[in-house]
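# Chain and residue survey
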Amino acid sequence: MRFIDDFFTTEIKIFKHKIPIFDMLFFTILSCLGVYFRLSLFGIRSGDYVKAFADWMRECHAAGGFAYLGIKPGVSEASTFDYNCLFQYVIVILHYIGGSIPDIYLVKSVPVLFDFICAITVFRIVYHITDKNLTKAMMSYGIMMFLPTAVLNSAAWAQNDSIYTAFVLLSLLHFMKRNDNRAFIYLAFAYSFKQQAIFFVPFVVLMWLKNKIKIRYVLWIPVIHVLAMVPAAIAGRSWGDLLGTYGRQVQMFSRLTMNYPSIYTIVSGDLSSAGRKILISAGTMATVIIMGVLAYYVYKKNFEVTGKYMVTLVVFTAEICCFCLPAMHERYGYIPEVVAVIYAILSIKRVPVCVALQVITMITYTRYLFGSTVLTLWPLSIAMLVVIMVVGYDLYLQMREPEVTSV
């Protein structure tokens, strides 16, 4: 027994950190189980896979790979691709490495890979905030391995929200470490993959107002966004077409809510098209005003900006964006749902928030994935509003703690 105890307590040096063998074994087992869990769902063919990703893979095969980048989407059936070009590069790469592997496995393997990047980054954030508490960091990794909405999003749905969220998490980690240059580079990649990365922007603005972020590095976002389009432009796409991708995406949806439990679930579905456009415009402006009021309050208060406060702020501001902005899909709450894992690990009192977000989102996910019998979303909207108010009150209390000069 003495030998076994000594073996498990032996430490392995990884980079600059020493980790006991027992923790490494636990990490390995969790990772293997996480892979197995996801593989068990790979047979599910979601509507998004059938109507989008499967078609894009087929179109890429027909075009011969790289040539697929040069076909203007929507002009012919040769390309129905409607994401930004970074994900199209992923499709092309999968075409070349595919071989005899079914397309559905190839497509799902990418977000699953980023599931692990998200989990490792969550581990690193918790490790940083808790002053190298390995136990809490390992617990956060374990939760991420089996977080229901994360697993369903990648392994069942074949969606890629884990990709841009991984870059957002890396950005958050480096903002905490005061490495703004690298943080903005990661944020630029997040935005270049999907524009839902903008839900992280209110946090960035508020931290800039508190003098915690050097905003000059923000120029990385347009630079990398444009540079990412160069291969597609070389292949034949026009710059106007490439730069207009996100604008076309915004115009694709005219419903007030796309299965997200937001404030708009109380509005009748019989609203006219003109009425919906008015509410979409008004709702967007109302969200900007809400964020402006929050920014004013945060700027005027003198308090210590801690890692815990940063995590709480990300959850709060990202959820407000999803709740108040129109035309939100159920998947758009991915960032706050993942950051809520960190939020819960920091205190047992915050666990209900993480659980509530998972339950609410799982209901909306299964409504789409498995045709569950949820007939109305307004009860979920009320539950979501309660969650936002709880997190907001926690944020307020953190700003009421003994006031000190921010460093």
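Here the structure is shown first, and the text comes after it.
So, here is what we can say about the structure in this document. None of the values given here were measured: they were computed from a predicted structure. (Residues numbered from 1 in each chain as written. Predicted model: local features only at pLDDT ≥ 70, side-chain atom pairs only at ≥ 80, totals over all residues. Heavy atoms only, no water.)

### Some details on the pattern of salt bridges
For the record, the criterion: Salt bridge, as applied in this entry: a Lys or Arg side-chain nitrogen positioned within 4 Å of an Asp or Glu carboxyl oxygen. The helix and strand labels rest on DSSP assignments: H or I over at least four residues marks a helix, E over at least two residues marks a strand, and numbering proceeds from the N terminus. Burial classification: accessible surface area is computed with a 1.4 Å probe over protein chains only, and a residue below 20% of its type maximum counts as buried, one above 50% as exposed, and the rest as partly exposed.
Throughout the structure, instances matching the rule amount to 7 salt bridges. Here D55 makes a salt bridge to R58, at a shortest N to O gap of 3.4 Å. Remark: R58 and D55 occur in helix α3 (residues 47-63); sequence separation between them is 3 residues, near one turn of the helix. Note on D55: relative accessible area 23%, which makes it partly exposed. The closest approach of N and O atoms between D161 and R331, which form a salt bridge, is 2.9 Å. Linking D161 in helix α8 (residues 161-176) with R331 in the loop between β4 (328-329) and α17 (334-345), this pair joins segments that are 170 residues apart in sequence. Of the residues examined, D161 reaches a relative accessible area of 0% and is grouped as buried. In this structure, a network of salt bridges that share partners links the residues D161, K194 and R331.

### Topic: the nonpolar core
Rule in force here: Among buried residues, the Ala, Val, Leu, Ile, Met, Phe, Trp, Tyr and Cys ones that are joined through side-chain atoms within 4.5 Å form a nonpolar core. Contact between two residues is taken to exist if any of their heavy atoms lie within 4.5 Å; hydrogens are not considered.
Within the largest apolar cluster, 130 residues are counted, with the highest numbers of intra-cluster contacts made by F87, F200, F203 and Y309. Considering every element that reaches this core, the biggest residue donor is helix α5 (residues 103-129), with 14 residues. Among all residues touching F203, those that are not within four sequence positions of it are L172, F175, M310, L313, V314 and T317.

### Observations regarding helix α9 (residues 180-193)
Threshold: A helix is expected to span 1.5 Å for every residue after the first.
With 14 residues, α9 ought to run about 20 Å at 1.5 Å a step, and its terminal C-alpha atoms sit 20 Å apart, in line with that. Those residues of α9 that fall on the buried side of the exposure criterion are D180, A183, F184, L187, A188, A190, S192 and F193. Structurally, α9 contributes buried residues whose contacts are with α4 (85-97), α8, α10 (201-209), α11 (220-227) and α14 (245-251).

### A look at α4
A rise of 1.5 Å per residue sets the reference length of α4, with its 13 residues, at 18 Å; its end C-alpha atoms lie 19 Å apart and thus fit the reference within 8%. Summarising burial for α4: 10 of the 13 residues are buried, a large majority. C85, L86, F87, Q88, Y89, V90, I91, V92, L94 and H95 are the residues of α4 that are buried. Two residues or fewer after α4 comes G99, characterised by a positive phi angle close to 60°.

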